Amino acid sequence: MRALPLLLLFCAPLLLAQTVDEREAEEALRQQAFRDNMAAVVADLNNNSYEKLLQAMDRDDFLETAFGLRLIDQRMKRDFRERMGEPEQFAGFIESQYAEVAKDGIKASLLAVESRGDRGRAVVRFDMSHFQSNYYEYDLRLTESGELQILDWTDFLWGHKITDSIGLAMVQAQPSASAARKLADTSNLSQAQVFQLMEILKSTRDRNFERYFQIVEQLDDNMKRQRIVLKTGLDATRTARKRREQRRVLEAIDKYYPNDVLFALPLLDYYFPDRQYEKAYAALVRVRDHLGIDDAVTNARLSSTQLVLQRADEALALAEQATQQEPGLELGWWALLRAQVAKQDYAAGLQSLQHLQSAFGHKLGPDDLAKDPSLRGFVRSADYQGWLESQGD
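It should be emphasised that the depicted structure is a prediction, and the values quoted were computed from it without experimental measurement. (Residues numbered from 1 in each chain as written. Predicted model: local features only at pLDDT ≥ 70, side-chain atom pairs only at ≥ 80, totals over all residues. Heavy atoms only, no water.)

S.K.: Explain the pattern of salt bridges to me, please; I cannot follow it from the model alone.
M.R.: Applying the stated criterion to the full structure yields 23 salt bridges. One salt bridge connects Arg70 with Asp164, and the closest N-O pair in it is separated by 2.5 Å. Separated by 94 residues along the polypeptide, Arg70 in the loop between α3 (59-67) and α4 (74-84) and Asp164 in helix α6 (residues 162-173) bring together distant segments of the chain. Residue class for Asp164 comes out partly exposed when judged on its relative accessible area of 35%. The shortest N-O distance in the salt bridge between Glu199 and Lys202 comes to 3.7 Å. One end of the pair is Glu199 and the other is Lys202, both in helix α8 (residues 191-205) and 3 residues apart, which spans about a single turn. Via salt bridges that share partners, Arg125, Asp127, Asp295 and Glu326 belong to a single interconnected network. (Salt bridge = Lys/Arg side-chain N within 4 Å of Asp/Glu carboxyl O. Helix = DSSP H or I, 4+ residues; strand = E, 2+ residues; numbered from the N terminus. Buried < 20%, exposed > 50% of the residue type's maximum accessible area, 1.4 Å probe, protein only.)

As structure tokens, this is what we get:
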């Protein structure tokens, strides 16, 4: 009998190792389930289908997250819940949230899937026209049966979680004093400040920008920096495509929230036209690091930004990385061509130019290239002129 405790003493490490191995194996299976299921959702989106996305969503949970603790008119909340109770209505509503990235057909790339236990996250890039891209970060959960649930997602081009956007729109539709007070970053607002905030909500709802800026100019510094003041102004001006008014809002965001990752991509619409390239570069890096991605689009954009900062070596390295990561990404080849030209490596630039023509259907004659000031030296180079003569042009 005395030998039994001694036997257990020797066996305990083995039993513990088996338990650890089993937990690790279970975790690996869950992680694979997250990756496989999310890959299936993205593949379905690329077929312009939302079926798998909708299957992964719990409609009631999604709506409750959107309502949250916001003080939304009860009748409006009830009507919205009843309307979304119709599968076709809910499907149409979710599809409408993808309207911007789906304008020319969805082109989605799954960049990252991470998980621990039954919770996970995924990052998807959506490529749009005119070399624009957006990033969605999905909040995920895995059921005990191994089914994927999409709880929410953050749209980085607009800088918000989709449920927050929905909930805020419902508050704006019929704002009350108590609802406005609850949206503020601080709770000790005066009645006059609450009234101002209500007027902000109404003016941005109605796209009355004259009224919006009139109120903003009357606000004290504490109220001007309220996130809800800036966020509603940004969303309204972007939706209405009012660039001048949008710039004014972005200037304020840059003053109060220059390092906020949710404002990073929107701020590019202010930094690049204003030639604030260091800030633009930092904003791109901030999004990249937050999402934990290393993708061709971001590297191509970083390359272009480094180039205007006169860091040709860094620009070339990033452009080469982008084309290696995604040979089919046109943006990467343009970045590479410009970086090679900046390095005065015209022979290499000629190879990139020929690839742009053969792979993407461009006819890049001297007049076309000369429209870009950074390529005019390349057009005058012996390499380009010799190639042009060989083409019979």
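S.K.: Honestly, the packing of α6 against α8 in this entry has me stumped. Any pointers?
M.R.: What describes two packed helices is the angle between their axes and the distance between those same axes. Between α6 and α8, the least distance of the axes is 9 Å, while the angle of their chain directions is 100°. Classified by the angle between their axes, α6 and α8 sit roughly perpendicular to one another. Of the residues in α8, those touching α6 at Leu168, Val171, Gln172 and Ala173 are Leu201, Thr204 and Arg205. For the contact of α6 with α8, a count of residues per class yields 4 nonpolar, 2 polar and 1 charged. (Axes fitted to C-alpha atoms, helices over the stretch in contact; angles between N-to-C directions. Parallel < 35°, antiparallel > 145°, perpendicular 65-115°, else oblique. Contact = heavy atoms within 4.5 Å. Nonpolar A, V, L, I, M, F, W, Y, C, P; charged D, E, K, R; others polar.)

S.K.: Just checking my understanding: could you explain helix α14 (residues 277-291) for this structure?
M.R.: Since the α-helix advances by 3.6 residues per turn, residues separated by three or four positions end up pointing in the same direction. Spanning 15 residues, α14 covers 21 Å between terminal C-alpha atoms, matching the ideal 21 Å at 1.5 Å per step. Residues of α14 that are buried include every one of Tyr277, Ala280, Ala283, Leu284, Val285, Arg286, Val287 and Leu291, and no others. Next to the buried residues of α14 lie β2 (119-127), β3 (133-142), α13 (264-271) and α15 (296-308). In the stretch just after α14, Gly292 is the one whose phi turns positive, near 70°. (Expected span 1.5 Å × (residues − 1).)

S.K.: How should I be thinking about the side chain of His160 in this particular structure?
M.R.: One can find His160 in strand β5 (residues 160-161). Looking at His160, its side chain comes within polar contact range of the side chain of Lys231, at 3.1 Å. Those residues in contact with His160, other than ones at most four positions away along the chain, are Trp153, Thr154, Asp155, Ser165, Lys231 and Asp235. (Polar contact = N/O pair within 3.5 Å; in protein donor to acceptor, adjacent residues only side chain to side chain.)

Taken by themselves, the reported measurements are silent on function.
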